[in-house]
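A structural walkthrough
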Amino acid sequence: PEVAFAYVADLTRHGEWNPGLKVTAISELSTAIGGRFQSVGHIFGREIHDDLCVTEYQPPVRFAFFVKSGVGGEELTHEFILQPNDCGTLITRTAWGPVSLLMKLLAPILAALFVNAEMTKSLERLKVKLEQMYPQASTAG
């Protein structure tokens, strides 16, 4: 969990397992509560600029950050919970935020078509990356 936490909590490395994402620290306290970042990503061919802030930093168990989108001002919190599991680490990722009535109506469709699939792919890429970085952990179980 300590190794996986250090990797997940380094927001500047999230682009290594989320293609098209680049995250830059804009504060010196980047690995602590209040650490600030800016990200640039692409969704449906559009470049998206977001502001990020670390809201939870509890090594090696919990890491969370808040995202405020530069497009539309949407706000999301992303949380990672890490737990020892057999010979490895179970990472659970959750995202939530306030939504409009329209988004509440569309949420089941968007979740089924896009959000759940993208979150799953992202976690799969994270797993592959960690196993490449630490092959001894992946062969142990």
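Residues numbered from 1 in each chain as written. Predicted model: local features only at pLDDT ≥ 70, side-chain atom pairs only at ≥ 80, totals over all residues. Heavy atoms only, no water.

1. Some words on the overall build of the chain
When its secondary structure is counted, the chain shows three helices and six strands. Taken from N to C terminus, the helices and strands of the chain fall in the order α-β-β-β-β-β-β-α-α. Split into buried and exposed, the 141 residues of the chain put 25% on the buried side. The long-range fraction of contacts in the chain, counting pairs at least 24 apart against all pairs at least 6 apart in sequence, stands at 31%. For the chain, the accessible surface area stands at approximately 8700 Å², while carbon and sulfur atoms represent 60% of it. (Helix = DSSP H or I, 4+ residues; strand = E, 2+ residues; numbered from the N terminus. Buried < 20%, exposed > 50% of the residue type's maximum accessible area, 1.4 Å probe, protein only. Contact = heavy atoms within 4.5 Å. Areas by Shrake-Rupley, 256 points an atom, 1.4 Å probe, with all protein chains shown as cover.)

2. Thoughts on the nonpolar core
Counting residues in hydrophobic clusters, the biggest one holds 19 residues, and the most contacted among them are Leu11, Phe63, Phe65, Phe80, Ile91 and Leu126. Looking at this core, the elements with two or more residues in it are α1 (2-8), β3 (46-58), β4 (62-69), β5 (75-85) and α2 (101-133). With four residues, the single largest contributor to this core is α1. When residues no more than four places from it in sequence are discounted, the contact partners of Phe80 are Val8, His14, Trp17, Val61, Arg62, Phe63, Phe65, Ile91, Thr92 and Arg93. (Core = buried A, V, L, I, M, F, W, Y, C linked by side-chain atoms within 4.5 Å.)

3. Details of the packing of aromatic side chains
Taken as a whole and assessed by the stated rule, the structure comprises five aromatic pairs. Ring geometry for Phe5 versus Phe63: centroids 6.3 Å apart, planes at 90 degrees, classification edge-to-face. Of this pair, Phe5 sits in helix α1 while Phe63 sits in strand β4, and the two are 58 residues apart along the sequence. By the burial criterion, Phe5 is buried, and Phe63 matches it. Here Phe63 and Phe65 contribute two aromatic rings whose centre-to-centre distance is 5.9 Å and whose plane-to-plane angle is 40 degrees, an arrangement assigned as tilted. (Phe/Tyr/Trp six-rings, centres within 6.5 Å; stacked < 30°, edge-to-face > 60°.)

4. Observations concerning the pairing of β3
In the sheet, strand β2 (residues 36-43) pairs with β3 via eight bridges, with the strands oriented antiparallel. Paired with Gln38 across the strands is Asp51, a residue of β3. Remark: two residues form the turn of the hairpin made by β2 and β3, two consecutive strands paired antiparallel; Phe44 in that turn has positive phi of roughly 50 degrees. The sheet contact formed by β3 and β4 spans eight bridges and is antiparallel. When the sheet's bridge partners are listed, Gln58 is paired in β4 with Arg62. Hairpin connection from β3 to β4: three residues lie between these consecutive antiparallel strands. (Pairing = 2+ DSSP bridges.)

5. Side note on the side chain of Ser69
Here Ser69 shows up in strand β4. Within the local environment of Ser69, its side chain forms a polar contact with the side chain of Asp50, the two groups lying 3.3 Å apart. Discounting residues that sit within four places of it in the chain, Ser69 has contacts with Ile48, His49, Asp50 and Glu74. (Polar contact = N/O pair within 3.5 Å; in protein donor to acceptor, adjacent residues only side chain to side chain.)

6. Some points on the confidence of the model for the chain
Overall, the predicted model of the chain reaches an average pLDDT of 85, with 80% of residues at or above 70. Looking over the chain, one finds the lowest element-wise mean pLDDT in helix α3 (residues 135-140), namely 57, and the highest in strand β1 (residues 22-25), namely 96. (pLDDT = per-residue confidence, 0-100.)

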